[in-house]
Amino acid sequence: MSTMQIDRLLDTMIKLGGNDLHLTVGRKPTIRLHGALRDLQTKVLESDDMVGLMKSITPEQKQQELQEVGTTDFGFAYGDAARFRVSVFRQRGDIAIVLRQIPNRLLTFDQIGLPDICKDLIRRPRGLYLVTGPTGSGKTTSLATMIDYINMTMDRAAVRTAAAVRHHGADQLALGKAVRARSHPAGGDAQVGLETVPGRRDARAPVATARAGLRT
């Protein structure tokens, strides 16, 4: 499948306001729209289609990781129209792809429904903030909103300590699965830890992170 065809799929997804695009052998391209899956009116995907789609958006280094490990994740910018968090993996021997659209703009606490108590918590001088939930529940979006609030209202700098896909247009943000907000030297050494915890992650990981945060 050519790059032009992946462009058409992404254009359709963006136009309809879809959240996810699912591509797998033996099915038509499917988008998640308002929580429901909807097949696009196109051909059923074959193995060669999936290989072409994968190569059209996956960096060479990530293609190598897919070959060695069987799965890879990365960020993909579709011009200025949208950014996507991409998961490529093997399913029953064939390639499958899921693209999740990342908001182009940072949202406010009110827009995503975060209570005001979250503002009070991230203003505390030190601690660890766990953001948990299943895939698609808004963990990364919540972190982006909180870090943007830190950047806009407090004299602190966000330091990324683990790789993650950034929200578009947020060069001042340092988003990671564990993020520390440290004040400038003139203001002391206040720290706030922010950690996303996917449902399938080893339950011991956040505990180790918490202990490290408390030691600092």
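Quick notes on the rules
- Residues numbered from 1 in each chain as written.
- Predicted model: local features only at pLDDT ≥ 70, side-chain atom pairs only at ≥ 80, totals over all residues.
- Heavy atoms only, no water.
- Helix = DSSP H or I, 4+ residues; strand = E, 2+ residues; numbered from the N terminus.
- Buried < 20%, exposed > 50% of the residue type's maximum accessible area, 1.4 Å probe, protein only.
- Contact = heavy atoms within 4.5 Å.
- Areas by Shrake-Rupley, 256 points an atom, 1.4 Å probe, with all protein chains shown as cover.
- Polar contact = N/O pair within 3.5 Å; in protein donor to acceptor, adjacent residues only side chain to side chain.

**A word on the overall build of the protein chain**
Okay, step 1: Helix and strand counts for the protein chain come out as seven helices and ten strands.
Okay, step 2: Buried residues in the protein chain amount to 37% of all 216 residues.
Okay, step 3: Considering only residue pairs separated by 6 or more positions, the protein chain has 47% of its internal contacts joining residues 24 or more positions apart.
Okay, step 4: Here the protein chain has roughly 12100 Å² of accessible surface; of this, 50% comes from carbon and sulfur atoms.

**A short note on the side chain of Thr30**
Okay, step 1: By the secondary structure assignment, Thr30 is in strand β2 (residues 30–33).
Okay, step 2: Of the polar contacts made by the side chain of Thr30, one reaches the side chain of Asp39; its length is 2.8 Å.
Okay, step 3: With sequence-adjacent residues up to four places away left out, Thr30 is seen in contact with Asp20, Leu21, His22, Leu37, Arg38 and Asp39.

**Digging into the environment of Arg105**
Okay, step 1: Here Arg105 shows up in the loop between β6 (94–102) and α4 (109–112).
Okay, step 2: Residues Arg105 and Ala144 lie 39 residues apart in sequence; the distance between their C-alpha atoms is 10.0 Å.

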